[in-house]
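Listed below, chain by chain, are the residues.
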Amino acid sequence: MKQTSPTASVPGEPAKPGTHGVGDRIFSGLAIGSGVFILALLAGVAIFLLIEAWPAITASSDEIPGGDGLVSYIAPLAFGTVLAATLAIILAVPMAVAVALFISHFAPRRVADTLSYLVDLLAAIPSIIYGLWGIAVLGPALVPLTEWLADNLGFIPFFEGPASTTGRTMLVAGVVLAVMILPIVSAVAREVFTQTPRGLQESALALGATRWEMIRMVVLPFGKSAVVAGSMLGLGRALGETMAVTIILSVSGGVTFNLISSDNPSTIAANIALDFPESSGLDINVLIASGLVLFAITLAVNMLARAVIERQKLDES
Amino acid sequence: MTAAAADPVPAKNGPTVRTTGVAKRIDVADLNIYYGAFLAVKDVTMRIQPNKVTALIGSSGCGKSTFLRSLNRMHELIPGASVEGSVLLDGRDIYSPSMDPVSVRRQIGMVFQSPNPFPTMSVYDNTAAGLKLNSKRMKRDQMDAIVEKALRGAHLWDEVKDRLDKPGSGLSGGQQQRLCIARATAVEPDVLLMDEPCSALDPIATLAIEDLIEELKQKFTIVIVTHNMQQAARASDITGFFNIGQSGDPGILIELDETDKIFSNPAHKETEDYVSGRFG
Amino acid sequence: MNPDPLIPFPEVGEADNLPESGPTDNRIPTWGPWVVVAGTAAVLGGLLALTAFNLALLIFGTVIISIFGIYLWARLIEGRRQAFDRAVTLGVTSLFALAMIPLVSLLYTVVSKGLSRIDAEFFTSSMRNVIGEGGGILHAAIGTFIITGLATLASVPVGIMAAVYLHEYGKGKLKRALTFFVDVMTGIPSIVAGLFAFALFAIFFGPGIRMGVMGSVALCVLMIPIVVRSTEEMLRIVPDGLREASYALGVSKWRTVAKVVLPTAMAGIVTGVMLAVARIIGETAPLLITTGAFSSVNLNPFSGRMDNLPVFTYNQYKNPGVPPEPYIDRAWAAALVLIAIVMVLFLVARFISRRYGTELRR
Ligand SMILES: Nc1ncnc2c1ncn2[C@@H]1O[C@H](COP(=O)(O)OP(=O)(O)OP(=O)(O)O)[C@@H](O)[C@H]1O
Ligand SMILES: [Mg+2]
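In this text, all values refer to a predicted model and were calculated from it rather than measured experimentally. (Residues numbered from 1 in each chain as written. Chains lettered and ligands numbered in written order. Predicted model: local features only at pLDDT ≥ 70, side-chain atom pairs only at ≥ 80, totals over all residues. Heavy atoms only, no water.)

Attention now goes to the overall build of chain A. For chain A, the count of helices and strands is 10 helices and 0 strands. Ordered by position from the N terminus, the helices and strands of chain A form the series α-α-α-α-α-α-α-α-α-α. Relative to the 2.2 N^0.38 estimate, which gives 20 Å for 317 residues, the radius of gyration of chain A is 26 Å and therefore markedly larger than a compact globule would have. With respect to the three principal axes, the spread of C-alpha positions in chain A is 95 × 65 × 35 Å. (Helix = DSSP H or I, 4+ residues; strand = E, 2+ residues; numbered from the N terminus. Rg over C-alpha atoms; globule rule 2.2 N^0.38 Å.)

Next comes the structure, spelled out in structure tokens:
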């Protein structure tokens, strides 16, 4: 049964002009709505944190714990946060590049996939379990090393000592953070390493370069900005990581570069996790204010990382 | 392979063969087709006759696909793409503002270069996809009848009747393409557009589809883009030749005529060069 | 031979002086490096056993000495550049192995310490009226199930529809903004998400409020961007030909997306959701400050504290009673359960995606 009406030509079906128009509008409305909702959610995070932090921001300085005002309360925490994250990134990036290179260029093709699953698995393990492992296994295991460092390299401020006998040190926290962010950095690097144009790589090998020379001349320059971007994503994660640090670090609160003693600055995130459950009144607002600072720091780092990735995409096209 | 050139194609069914009268005519007037600011096809005016096979030939990049896709408003799905001029389906402008592009596509079906059955659907569901995706409610046996008819029409029924519930992507390339034709005909469009439907197929499967086209024209108006001269000569009644000046210039319709005439005695030198160049 | 002479070769200056020696038959056999490593390990192990055995020192020393060893050996018979290449190969391989040590050690530790409390009581009882030994994770497991389930129920539709917007509908400023901020959102620290959920509810219910659903809200902030990213990735591999085929059948856009595109991408989307659940199910920090801890089963996420596996693990470890052993044991056992859940989710998701991935790429 054919109809002359342009709106339907399917047998057994009368023309229903515009019904799909309504469906289309509802569906695309839902899609746009979800997008807008996400933007609103992100804005909400900033706004609600600000509202709840406001009493702390406007409070007089002697009401803040420590009695010296909000800035002097948060500053040592921010220092600890940056110290731990920096340590983690310094340890993680070379490892991550090696791991990425191993999977993309050294490991046999057949096992490369499985190996990258194993690396991804590192990222899937809950941070609290890293914390437990850090305090139960890694900390004690590193005690001989830290003692040796304190004895022999004690003139360097980082290893001033006295070495902690429990291993609850900034160094151990940094190593655990490094393990946690390694998969993030290596995933970004690996992706770009594997995308290095075959032609470039083969022409290098054809000129008689060894594998390492080829990697140094072609792959590493090609993947440089990916490593930078991945490192910044990892840095963002390390800055905000909470539970591993909360469990591992024994905190005294001061500002020190000493990585191996049992007197450590806390981090913003760990401080919140430790104090929040027992806090009330203005203390809660103070903790939220510190969270707002953490939010701002990580936001800035992440936005920078995304900008680097975007620029690199533009360069490629 | 040169035999077909030397030997003019026997005359196809003459104008008297208009059988069912449900197929529709398309009148294209002054059609300009753009990708953004780039004019890809310029100033096409042509009539596409009902119950005939119209073949479009021409060198690569001259805008055949672009033109074809503008006949059922698929062109405008590409971001920035636009069209000027008119395309009348039995006198009604498919580009008029009151016309719904979705219903235009329901009347003017399309078969693509590479077979693209829906990978999540069985052979049966693929054939009935046009109905099912539009949530037509109908009785199971009515649906069965439509599916069987479409698959028989696509010369596929005997090969797949025992595995209707198997995934459509499990068929061979030629079978998949016939499945796609069955899918397009199951919704009973008035016009069927085919963009190089055989280019991914071997010669046997190609011949099977050409036979099918010959039969389908009893019910549909067919427009087919092809790079294969023999195919145009064998399977079409009317042939249109597109050409392009230099790269960057828009493609234009050089000549449209009875297929015999285009291949034996074209009016334009360019057409003759192209046709004979390919053959000789 | 150069496969593509048109591609410019970088740093020609270096390339010019590459070949320092012609092709040679003198090569270290493929088993060479293994022998070097094994030999070094054996000798060093023997030496250490005579003094004070230390596994870390053995591994570390073996790596360093073998790298020098293989370098010297290759230097003698293969030349300088090959020797350096071999040293780098062994170095990179060792670094990879080093990166895997934490994974192995961690899994081993959790299993060996957690196994002692994996018994029937552990899964069938809560901590209600338990002091010292005994008790279990029933209440915490139920809490995790409810909290994570609610977060998933809310995040999945929003995440999928936002991805549909980004890939199927989006254009212009909104699309760019959303892409950017979803990326940024993946970097929000989990504790900040928890603070947000707390702040949101505290404004309406006062600062003492603790509820299961607050935890779900916090987890949503973490989960939504993951779902958006993975779904978008999956929509990207759905071939455009399928969309066109559907349009050409006279199917409207929304039906095309809902009935062709999404089903085609479904296996991949499910994989992404499972990975997202695996990511958030172990989140501790946001729940610590939103759901609170509780020793009994609470089935109502909208009223009162609700315990869950990560917070349970933390509290058993951090605030043990006297003697502490039963508490520590429970912490490790709960960690084992948590890691088992994560691993199962992770491996099943990988398995689906591998099978599915080859199917679409065909
Ligand atoms: N999506 C697009 N965006 C911009 N320009 C396009 C697009 N598709 C095609 N074009 C341009 O339009 C012109 C016509 O292309 P079209 O695909 O219609 O050629 P064709 O005749 O079908 O070629 P072929 O025989 O190779 O299929 C070409 O110049 C092409 O570059
Ligand atoms: Mg074409």
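Per the secondary structure count, chain C includes 14 helices and 0 strands. Counted from the first residue to the last, chain C has its helices and strands arranged as α-α-α-α-α-α-α-α-α-α-α-α-α-α. By the compact-globule yardstick of 21 Å for 362 residues, chain C is too spread out, its C-alpha radius of gyration being 28 Å. Reported as C-alpha extents along the three principal axes, the dimensions of chain C are approximately 80 × 70 × 35 Å. For chain C, with 362 residues in total, the buried portion stands at 54%. Across chain C, contacts joining residues at least 24 apart in sequence account for 70% of those joining residues at least 6 apart. (Buried < 20%, exposed > 50% of the residue type's maximum accessible area, 1.4 Å probe, protein only. Contact = heavy atoms within 4.5 Å.)

A few words on the interface of chain A and chain C. In this complex, chain A contributes 90 residues to the contact, which on the side of chain C involves 92 residues. Between chain A and chain C the total buried area reaches about 8200 Å² when both faces are included, carbon and sulfur atoms providing 80% of it. Counting every contact that joins chain A to chain C gives 3 salt bridges. Its salt-bridge partner being E213 of chain A, residue R81 of chain C comes within 2.6 Å of it at the nearest N-O pair. The interface formed by chain A and chain C includes 9 residue pairs in polar contact (both at pLDDT 80 or more). Ranked by residues supplied to the side of chain A that touches chain C, first place goes to helix α1 (residues 19-58) of chain A with 22 residues. Looking at side-chain class alone, the side of chain A that touches chain C contains 63 nonpolar, 17 polar and 10 charged residues. (Buried area = accessible area lost by both parts, 1.4 Å probe. Salt bridge = Lys/Arg side-chain N within 4 Å of Asp/Glu carboxyl O. Polar contact = N/O pair within 3.5 Å; in protein donor to acceptor, adjacent residues only side chain to side chain. Nonpolar A, V, L, I, M, F, W, Y, C, P; charged D, E, K, R; others polar.)

Now for the pairing of strand β7 (residues 191-195) of chain B. The side chains of a regular strand alternate between the sheet's two faces. Residue and element names in this part refer to chain B. Most of β7 sits inside the fold, with 5 of its 5 residues counted as buried. What you see with β7 is no split at all: V191, L193 and D195 on one side and L192 and M194 on the other are buried throughout. With 4 bridges connecting them, strand β6 (residues 108-111) and β7 associate as parallel partners. Directly across from V111, in β7, lies its bridge partner M194. Of the strand pairs in this sheet, β7 and strand β8 (residues 221-225) are connected by 5 bridges, and their pairing is parallel. By the bridge assignment, V191 is partnered in β8 with T221. (Pairing = 2+ DSSP bridges.)

It is worth spelling out the pattern of salt bridges at this point. The tally for this structure, following the rule as stated, stands at 29 salt bridges over all chains. Where R198 of chain A meets E202 of chain A, a salt bridge forms, and the shortest distance between an N and an O atom there is 3.8 Å. Residue R198 of chain A and its partner E202 of chain A are located together in helix α6 (residues 198-206), separated by 4 residues, close to a single helical turn. For R198 of chain A, a relative accessible area of 48% puts it in the partly exposed group. Put simply, R306 of chain A together with D183, R229, E232, E233 and R236 of chain C are held in one network by salt bridges that share partners.

This part covers the side chain of H75 of chain B. Residue and element names in this part refer to chain B. Positionally, H75 belongs in the loop between α2 (64-70) and β4 (81-89). The class for H75 is buried, based on a relative accessible area of 1%. Looking at H75, its side chain comes within polar contact range of the main-chain oxygen of Y34, at 2.9 Å. Sequence-distant contacts of H75, that is, excluding residues within four places in its chain, are made with I33, Y34, Y35, T66, R69, S70, A81, S82 and V83.

The next subject is the interface of chain C and chain B. Quoted interface sizes are often the accessible area lost when the parts come together. Each partner contributes to the interface: chain C provides 16 residues, whereas chain B provides 24 residues. With both sides pooled, the region where chain C packs onto chain B buries about 1700 Å², and carbon together with sulfur makes up 64% of that total. If you look at where chain C meets chain B, you find 1 salt bridge. Across the salt bridge formed by R69 of chain B and E244 of chain C, the nearest N and O atoms sit 2.8 Å from each other. Elements supplying a minimum of two residues to the side of chain C that touches chain B: α10 (240-248) and α11 (253-281) of chain C. Ranked by residue count, the leading element in the side of chain C that touches chain B is α10 of chain C, at 7 residues. Among the residues forming the side of chain C that touches chain B, the class breakdown is 8 nonpolar, 5 polar and 3 charged.

We now examine the site of ligand 1. Residue and element names in this part refer to chain B. In the vicinity of ligand 1 there are 13 residues, among which S60, K64, S65, T66 and H227 approach most closely. Contact distances for ligand 1 include 2.4 Å between an oxygen atom and a side-chain N or O atom of S60. Side-chain polar atom of T66 to an oxygen atom of ligand 1: 2.4 Å apart, as the coordinates give it. Compared with its free state, where it exposes 630 Å², ligand 1 has 63% of that area covered by protein. Taken together, the elements giving at least two residues each to the shell around ligand 1 come down to β2 (38-48) and α2. Top contributing element to the shell around ligand 1 by residue count: α2, with 3 residues. Broken down by class, the residue content of the shell around ligand 1 amounts to 5 nonpolar, 6 polar and 2 charged. (Near = heavy atom within 4 Å. Areas by Shrake-Rupley, 256 points an atom, 1.4 Å probe, with all protein chains shown as cover.)

What follows covers the packing of helix α6 (residues 140-153) of chain B against helix α8 (residues 173-186) of chain B. Any two packed helices are characterised by how steeply their axes cross, that is the angle between the axes, and by the distance between the axes. All names here are of chain B. Closest axis-to-axis distance for the α6/α8 pair is 8 Å, and the angle between their directions is 130°. Considering the angle they form, α6 stands oblique to α8. In this structure, the crossing between α6 and α8 has a hand that is right-handed. Along the contact surface, α6 presents I146, A150 and L151, while α8 presents L179, A182, T185 and A186. Tallied by class, the residues present in the contact of α6 with α8 amount to 6 nonpolar, 1 polar and no charged. (Axes fitted to C-alpha atoms, helices over the stretch in contact; angles between N-to-C directions. Parallel < 35°, antiparallel > 145°, perpendicular 65-115°, else oblique. Left-handed = near helix turned anticlockwise from the far one by under 90°.)

Looking at the element boundaries, I128 of chain A is found in helix α4 (residues 127-152). In this structure, the C-alpha to C-alpha distance between I128 of chain A and A229 of chain A, residues 101 residues apart in sequence, is 26 Å. Setting aside residues up to four positions removed in sequence, I128 of chain A forms contacts with M243 and I247 of chain A together with G282, T284, P310, T313, Y314 and L338 of chain C.

Moving on to the environment of D68 of chain A. If you trace the backbone, D68 of chain A turns up in the loop between α1 and α2 (70-106). Put simply, D68 of chain A and L153 of chain A are 85 residues apart on the chain and 36 Å apart in space, counted from C-alpha to C-alpha.

A separate point is the packing of aromatic side chains. Scanning the entire structure with this criterion turns up 14 aromatic pairs over all chains. Ring geometry for F158 of chain A versus F159 of chain A: centroids 6.5 Å apart, planes at 65°, classification edge-to-face. Given the relative accessible area of 17%, F159 of chain A is considered buried. With a centroid separation of 6.1 Å and an interplanar angle of 20°, the aromatic rings of F201 of chain C and F205 of chain C are classed as stacked. (Phe/Tyr/Trp six-rings, centres within 6.5 Å; stacked < 30°, edge-to-face > 60°.)

This paragraph deals with α6 of chain B. All names here are of chain B. With 14 residues, α6 ought to run about 20 Å at 1.5 Å a step, and its terminal C-alpha atoms sit 20 Å apart, in line with that. Restricting attention to buried positions, one finds in α6 the residues M143, I146, V147, A150 and L151. Taken down its axis, α6 places every buried residue within 125° of arc, on the same side. In this fold, the buried residues of α6 make contact with α4 (123-127), α5 (129-133), α7 (157-160) and α8. Note on α6: the residue one or two positions beyond its end, H155, has a positive phi of about 55°. (Expected span 1.5 Å × (residues − 1). Arc of directions from axis to C-beta.)

Within soluble globular proteins, side chains that are nonpolar generally end up buried alongside one another. Counting 240 residues, the largest nonpolar core has Y130 of chain A together with F67 of chain B as its most contacted members. Counting residues per element, this core draws most heavily on α2 of chain A, at 23 residues. Here this core gathers at least three residues from each of two domains, domain 1 (27-107) and domain 2 (123-360) of chain C. Dropping the residues within four chain positions of it, F67 of chain B is found in contact with V28, L31, I33, V41, V44, M46, L56 and F242 of chain B. (Core = buried A, V, L, I, M, F, W, Y, C linked by side-chain atoms within 4.5 Å. Domains from an automatic or database assignment.)

Direction vectors running N to C along helix α7 (residues 211-240) of chain A and helix α4 (residues 80-114) of chain C enclose 75°, while the axes themselves pass 7 Å from each other. Considering the angle they form, α7 of chain A stands roughly perpendicular to α4 of chain C. Contacts from R211, W212 and E213 of chain A of α7 of chain A reach α4 of chain C at R81, F84, D85, V88 and T89 of chain C. Residues belonging to the contact of α7 of chain A with α4 of chain C are distributed by class as follows: 3 nonpolar, 1 polar and 4 charged.

Keep in mind these numbers describe shape, not what the thing actually does.
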